[in-house]
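Residue-level structure breakdown
Chain by chain, the residues:
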Amino acid sequence: MPAYTATALAHPNIAFIKYWGNRDDVLRLPQNGSISMNLAGLHTHTRVSFDPGYEVDTFSLNNQAQVGAGLERVSQFLDIVRTMAGKNWRAQVESANNFPTSAGIASSAAAFAALAVAASHAIGLDLTERQLSTLARRGSGSACRSIPSGFVEWLPGDHDSDSYAITLAPPAHWSLVDCIAILKETYKMTGSSEGHRLAGSSPLQQARIASSGARLDRCRQAVLTRDFDALASVVELDSNLMHAVMMTSTPPLFYWEPASIEIMKAVPEWRRSGLPVCYTLDAGPNVHLLCPETSVAEVRSRLEGIHGILQVLTAAAGGGAHITTED
Ligand code: DP6
């Protein structure tokens, strides 16, 4: 067993205010701040072992050896960790998700948050939460939001060192639940990294960015005061704005499926009829329905009436990324 080993766990997160477009694609400095909630129950577990005797990095996901772009992205991330530690050791990285990969839940946030914690610990770095969030951001922007616990805000910053995420409120602050309507596998979609590069080609991106400060203020306030109606209106607006940018970039990106739109049309009706629930979509067709814990059963039952949903996963607010064993 190699001496320099650590294992960490991180949750994915769902953005209430979205990250779409970078000022710097290499450093992943976003054009706007974002706000999210970690998803309890869903997680990535990652074990990193550095060994001065290894000649190359290896990476397995759910027990399957990864090659090509997946391995390359992990290896480049490890280069950043190696530079910070002043070591050139290669590593063995073993990762596993407890949610079905085929469910199309974006896993890069949990993946790079767990990798940042495990790799930095294994190589002997003692990083603060802010430094871990900054580091995770370099692997995947949204990963910086999976480092702190609960309801989280990514402060966009101007430089590498001041672009990181902080906790706005702990998980117990608000018993919100994300009901994720899984519609189909999203393997062949344009990935987020490519999407961020295209965002600037949409004539709508500038307007989205210019108005993002006001939405961040509304969303932060809604979270801090547990005001569901205020949260619902700003979350749906922000998701629609991001998808408007996606659909008007060159080339255009259409992530929705017919069932996505059916749900997006139904949810505000349900809300008007007295059921507190709102929707948001990331770079895929799955619809995230946010609601208070007391409404989950009713939301599930209404979703049963919609054709094209493969399954519904539920997740309450989750904690931050952390070491699970010292190995
Ligand atoms: C639509 O963090 O996945 O989910 O930095 O290239 O890995 P990379 O992008 P990523 O982008 C997330 C985009 C989003 C919105 C969000 O989570 O804020």
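We now turn to the structure provided with this report. Source: prediction; values computed, not measured.

The rules behind these values
Residues numbered from 1 in each chain as written. Predicted model: local features only at pLDDT ≥ 70, side-chain atom pairs only at ≥ 80, totals over all residues. Heavy atoms only, no water. Helix = DSSP H or I, 4+ residues; strand = E, 2+ residues; numbered from the N terminus. Contact = heavy atoms within 4.5 Å. Phe/Tyr/Trp six-rings, centres within 6.5 Å; stacked < 30°, edge-to-face > 60°. Buried < 20%, exposed > 50% of the residue type's maximum accessible area, 1.4 Å probe, protein only. Arc of directions from axis to C-beta. Core = buried A, V, L, I, M, F, W, Y, C linked by side-chain atoms within 4.5 Å. Pairing = 2+ DSSP bridges. Axes fitted to C-alpha atoms, helices over the stretch in contact; angles between N-to-C directions.

**Regarding the environment of Leu204**
Assignment of secondary structure puts Leu204 in the loop between helix H4 (192–198) and helix H5 (205–210). Along the chain, Leu204 and Ser273 lie 69 residues apart, while their C-alpha atoms are 32 Å from each other. Apart from residues no more than four positions distant in its own chain, Leu204 is found in contact with Ala244, Val245 and Thr248.

**Looking at unusual backbone geometry**
Geometrically, the link from Thr250 to Pro251 is a cis peptide bond, its omega value of -5° lying close to zero. Mapped onto the elements, Pro251 comes out in the loop between helix H7 (228–247) and helix H8 (258–272). Look at Arg28: it is not a glycine, yet its phi comes out positive at around 55°. Among the secondary structure elements, Arg28 is positioned in the loop between strand E3 (22–24) and strand E4 (29–30).

**Re the packing of aromatic side chains**
For the structure shown, the criterion picks out five aromatic pairs. Each ring, one from Phe16 and one from Phe151, has its centre 6.5 Å from the other, and the planes form 50°; the classification is tilted. Of this pair, Phe16 sits in strand E2 (residues 13–17) while Phe151 sits in strand E10 (residues 151–155); the two residues are 135 residues apart in sequence, bridging distant segments of the chain. Taken as a pair, Phe16 and Phe151 share a single burial class, namely buried. Between Tyr19 and Trp154, the ring centres sit 4.7 Å apart and the planes meet at 65°, which makes this aromatic pair edge-to-face.

**Digging into helix H9 (residues 296–303)**
When H9 is considered as a whole, its buried residues turn out to be Val296, Val299 and Leu303. Buried residues of H9, seen end-on, are gathered within an arc of 65° and therefore sit on one face of the element. The elements touched by buried residues of H9 are strand E12 (176–182), H8, strand E14 (287–292) and strand E15 (311–316).

**Brief notes about the nonpolar core**
One recurring pattern in soluble globular proteins: nonpolar side chains tend to sit buried together. Counting 32 residues, the largest nonpolar core has Val48, Phe50, Leu78 and Leu115 as the members making the most contacts within it. Broken down by element, this core gets its largest block of residues, nine residues, from helix H2 (residues 108–122). Each residue touching Leu78, except ones within four places of it in the same chain, is listed here: Phe50, Asp57, Ala91, Val93, Leu115 and Ala119. Membership of the second largest hydrophobic core comes to 30 residues, among which are Met37, Ala169, Phe228 and Leu290.

**Thoughts on the sheet that holds strand E9 (residues 90–97)**
Adjacent strands of a sheet form backbone hydrogen bonds with each other and so pair up, either parallel or antiparallel. Judged by pairing direction, the sheet is mixed, and its six strands sit side by side in the order E8-E7-E9-E6-E1-E16 without closing on themselves. Sheet topology places strand E8 (64–65) and strand E16 (322–325) at the edges, where each strand pairs with a single neighbour. Alignment of strand E7 (residues 58–61) against E8, held across two bridges, turns out to be antiparallel. From the neighbouring strand, Ser60 faces E8, where its bridge partner is Ala65. The strands that helix H1 (residues 69–85) touches are strand E6 (44–51), E7 and E9; relative to E9, the one it contacts most, it runs at about 125°. Across the sheet, H2 lies against strand E1 (4–10), E6, E9 and E16, angled at about 150° from E1, the strand it touches most.

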